[in-house]
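One letter stands for each residue in the lines below.
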Amino acid sequence: MSNNVLVELSDALADAAEKAGNATVLVNARRRMPASGIVYASDLILTADHILEREEGIKVILGDGTEVSARIAGRDAGSDVAVLKLERAVETVAEATKSPARLGQIALVLGRPSPNGIEASLGTVSAIGGPIRTGRGGMLEKYIRTDSISYPGFSGGPLVAADGTVLGVNTSGLANGAAVTIPADIAWRIADTLVKHGRIQHGYLGIRSQTVEIPAASQKALKHEQATGLLVVGVENDSPASKGGLIVGDILVAVAGVPVLHHDELFTRLSGDVVGKSTPIDVLRGGQPQTINVVIGER
Amino acid sequence: MNFNGTFTQVIDELVQRVMPSLVIVRGHRFGAGAGIVWDANGLILTNNHVVGRHNPIVILQNDGEYESRLLARDPDVDLALLSIDATDLTPLRPASVSPRVGEMVFAFGHPWGQRNTVTRGIVSALVSAQNRRGDTLPVVRSDTPLAPGNSGGPLVNAKGEVVGINAMIIGGDQSVSIAASVAMDFVNKALSKKNSEERTNQRTPQDVI
């Protein structure tokens, strides 16, 4: 049979598996079967936190079969992301996607749980959601689910688009054993922070709040549509919020210019780079918008 | 790329091409497996575990039923070669190269007795399975759904070439097919043994010299 669209698609999938597979590694850091990881920079491996059951003697097996020692450069249990530093640099680095996953898109789930070669399964992106609280006490802004089979040892491996770029990091550690994919932009950002600080800093504001509807008149004053905000019902003494000048009765509507509609979004906004920095917080006070700068503390 | 209807069309063509080579092999009183027409003159390849103890009945796509002769069987590779008295059959061609992880595959068979079923997947891994003697056997693992009744049927690539013989029994809950290279070796060995036996029996002039 001559080449046709089916053969072309089949070849493209095998090419994508090969391309991303070269940057997918085996991570051996537990007693049971090894798991997977992604070469995220020339000497850094992005993987799942829950597969790291020991800190010493971590071995990584590359796409070409060579074994390299690694140590933990940073880890965050809440998002189940960890970064390993390799003993030496490697050549093949994974390429993160430039266009985020779309519902219905076909995608490969790749892993390297055995030294014998790459393993793959095919599915479609069946849900994109978030934010959700993870089973490990963190918050994930966005997640991807697929209908593909996740073989044992696939945690830490990539979800791959048909062009071989990485859509996200697969893990069974966030949702009671069910496979979930952390979108690449989020995973990469967490990994960048982990490389810099070794851990994810969780911000502390020191307020108690509840979600309230923003009256139409106040929405007008905000100059953008926002249905809800967070009514401050308590401010801790000596907290970053009280030092910054937040008071009971303020309706918090944005952090660093990003609208905050619910608690989960505040939680997400307070993670990472804002910790220790003076951050503009937009509130409605007496129905009028006001910006207050608060130096975000650390929990 | 313009998929304007052609995608469904090529899948339909693939199915039309492969289906005539799919047979039913009934080797036990209950249940049946699948088999592959391996050459135009009646060679049928299937799993050893499908054959059972007797010469099984082979049912072609035209509903023709044939009592087969068992030419060879090997429990270590879970393959058996049958022969039926039929000609002008449509055989499948094995792929000349080993499959790639990620490429599309289609399994043909009769899962749970549902006749002529096609399931789709990709090659998940090229691995070695251990047979009961502890020897390693190259197999193709895929994410194609397989069930009892798929055994002995073909796993084909996007070109309709055989990349494996479905044999879930080896893989437990994973979909496993015996690599086409193993099948080719098995058939070649079986045929050369058969030919040499026939030469001995016939005592043709060449053999006397």
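Preceding this paragraph is the structure being described.
Residues numbered from 1 in each chain as written. Chains lettered and ligands numbered in written order. Predicted model: local features only at pLDDT ≥ 70, side-chain atom pairs only at ≥ 80, totals over all residues. Heavy atoms only, no water.

The next point concerns the overall build of chain B. Looking only at helices and strands, one finds five helices and 13 strands in chain B. Radius of gyration (C-alpha) of chain B: 17 Å, near the 17 Å computed for a compact globule of 209 residues. Dimensions of chain B along its principal axes, counting C-alpha atoms only, are 65 × 40 × 40 Å. Intrachain contacts of chain B at a sequence separation of at least 6 include 58% that bridge at least 24 residues. As displayed, chain B has an accessible area near 10400 Å², and 49% of this comes from carbon and sulfur atoms. Computed over 19 positive and 20 negative side-chain charges, the separation of the two mean positions in chain B equals 4 Å. (Helix = DSSP H or I, 4+ residues; strand = E, 2+ residues; numbered from the N terminus. Rg over C-alpha atoms; globule rule 2.2 N^0.38 Å. Contact = heavy atoms within 4.5 Å. Areas by Shrake-Rupley, 256 points an atom, 1.4 Å probe, with all protein chains shown as cover. Lys, Arg positive; Asp, Glu negative; His and termini not counted. Charge placed at Lys NZ, Arg CZ, Asp CG, Glu CD.)

It is worth spelling out the overall build of chain A at this point. Helix and strand content of chain A: five helices and 22 strands. Each of the three principal axes of chain A carries a C-alpha extent, and together these read 70 × 50 × 30 Å. Counting across all 299 residues of chain A, residues that qualify as buried make up 52%. At a minimum sequence separation of 6, the contacts of chain A that also span at least 24 residues come to 60%. For chain A, the computed accessible surface area is about 13000 Å², with 49% contributed by carbon and sulfur atoms. Across chain A, the 28 positively charged side chains and the 32 negatively charged ones have centroids separated by 5 Å. (Buried < 20%, exposed > 50% of the residue type's maximum accessible area, 1.4 Å probe, protein only.)

So, on to the environment of Arg 299 of chain A. All names here are of chain A. Within the secondary structure, Arg 299 is located in the segment after β22 (297-298). Accessibility expressed as a relative area gives 59% for Arg 299, which makes it exposed. With 130 residues separating them along the chain, Arg 299 and Val 169 place their C-alpha atoms 27 Å apart. Excluding residues that lie within four positions of it along the chain, Arg 299 makes contacts with His 202, Gly 203, Tyr 204 and Phe 267.

The next thing to look at is the interface of chain A and chain B. Taken together, the 23 residues of chain A in the interface contact 25 residues of chain B. Regarding the contact of chain A and chain B, the summed buried area is about 2200 Å², with carbon and sulfur atoms giving 65% of it. Summed over the shared surface of chain A and chain B, the result is three salt bridges. One salt bridge connects Arg 100 of chain B with Asp 15 of chain A, and the closest N-O pair in it is separated by 2.8 Å. The interface formed by chain A and chain B contains nine residue pairs in polar contact (both at pLDDT 80 or more). (Buried area = accessible area lost by both parts, 1.4 Å probe. Salt bridge = Lys/Arg side-chain N within 4 Å of Asp/Glu carboxyl O. Polar contact = N/O pair within 3.5 Å; in protein donor to acceptor, adjacent residues only side chain to side chain.)

On to the sheet that holds strand β6 (residues 81-86) of chain A, then. All names here are of chain A. The strand order β1-β2-β3-β6-β5-β4 describes a closed barrel built from six strands, whose pairing is antiparallel. Taking the axes of each pair of neighbouring strands and ignoring which way they run, one obtains an average angle of 40° across the sheet. Bridge count between strand β5 (residues 67-76) and β6: six bridges; the pairing is antiparallel. In the sheet register, Arg 71 faces β6, and the bridge partner there is Lys 85. (Pairing = 2+ DSSP bridges. Axes fitted to C-alpha atoms, helices over the stretch in contact; angles between N-to-C directions.)

Okay, the sheet that holds strand β4 (residues 57-59) of chain B next. Residue and element names in this part refer to chain B. Spatial strand order, β5-β4-β1-β2-β3-β7-β6: seven strands in an open sheet with antiparallel pairing. Each having just a single partner strand, β5 (65-67) and β6 (69-74) make up the two edges of the open sheet. In this sheet, neighbouring strand axes are inclined to one another by 30° on average, regardless of whether the strands run parallel or antiparallel. Direction of pairing for β4 relative to β5: antiparallel, over a ladder of three bridges. Of the residues in β5, the one forming a bridge with Ile 59 is Glu 65.

Closest axis-to-axis distance for the helix α1 (residues 5-22) of chain A/helix α1 (residues 6-18) of chain B pair is 8 Å, and the angle between their directions is 95°. Here α1 of chain A lies roughly perpendicular to α1 of chain B, going by the angle between them. Residues Val 5, Leu 6 and Leu 9 of chain A of α1 of chain A form the contact with α1 of chain B, whose own contacting residues are Thr 6, Phe 7, Val 10, Ile 11 and Leu 14 of chain B. In terms of residue class, the contact of α1 of chain A with α1 of chain B is made up of seven nonpolar, one polar and no charged. (Parallel < 35°, antiparallel > 145°, perpendicular 65-115°, else oblique. Nonpolar A, V, L, I, M, F, W, Y, C, P; charged D, E, K, R; others polar.)

Let us now look at α1 of chain A. Residue and element names in this part refer to chain A. Here α1 contains 18 residues, and its C-alpha end-to-end distance of 25 Å stays within 8% of the 26 Å for a straight helix at 1.5 Å per residue. Buried within α1 are the following residues: Val 5, Leu 6, Val 7, Ser 10, Leu 13, Ala 14, Ala 16, Ala 17, Ala 20 and Gly 21. Looking at where α1 begins, the residue whose side-chain oxygen comes 2.9 Å from the main-chain nitrogen of Leu 6 is Asn 4. (Expected span 1.5 Å × (residues − 1).)

What follows is about the packing of aromatic side chains. All names here are of chain A. If you walk through the whole model with that rule in mind, you get two aromatic pairs over all chains. Centroid distance Tyr 40 to Trp 188: 5.8 Å. Interplanar angle 80°. Geometry classified as edge-to-face. Of this pair, Tyr 40 sits in strand β2 (residues 35-41) while Trp 188 sits in helix α2 (residues 184-197), placing them 148 residues apart in sequence. Using a relative accessible area of 10% as the deciding quantity, one classes Tyr 40 as buried. Since its relative accessible area comes to 15%, Trp 188 is described here as buried. Between the aromatic rings of Tyr 151 and Phe 154, the centroid separation amounts to 5.4 Å while the plane-to-plane angle is 75°, which identifies the pairing as edge-to-face. Each member of the pair Tyr 151 and Phe 154 is classed as buried. Between the NZ or CZ atom of Arg 133 and the centre of the ring of Phe 267, over which it lies, the distance is 5.4 Å. (Phe/Tyr/Trp six-rings, centres within 6.5 Å; stacked < 30°, edge-to-face > 60°. Lys NZ or Arg CZ within 6 Å of the ring centre and 35° of its normal.)

Residues and elements named next belong to chain A. Within the element layout of this structure, Thr 97 appears in the loop between β6 and β7 (106-111). Polar side-chain contacts of Thr 97 include one of 2.7 Å to the backbone oxygen of Ser 99. Not counting residues within four places of it along the chain, the set of residues in contact with Thr 97 comprises Thr 165, Val 166, Leu 167 and Ala 184.

So, on to the pattern of salt bridges. In the structure shown here, the tally under the stated rule is 15 salt bridges over all chains. For Arg 75 of chain A, the salt bridge identified is with Asp 49 of chain A, shortest N-O distance 2.6 Å. On the criterion of sequence distance, the pair formed by Arg 75 of chain A in strand β5 and Asp 49 of chain A in the loop between β3 (44-48) and β4 (58-61) is long-range, its members being 26 residues apart. Arg 115 of chain B is the partner of Asp 63 of chain B in a salt bridge, and the nearest nitrogen-oxygen pair spans 3.0 Å. With Asp 63 of chain B in the loop between β4 and β5 and Arg 115 of chain B in the loop between β8 (104-109) and β9 (117-130), this residue pair connects regions lying 52 residues apart in the sequence. Its relative accessible area of 48% is what places Asp 63 of chain B among the partly exposed residues. The class for Arg 115 of chain B is partly exposed, based on a relative accessible area of 33%. One continuous salt-bridge network, built from bridges that share partners, spans Asp 15 and Glu 18 of chain A together with Arg 100 of chain B.

Taken by themselves, the reported measurements are silent on function.
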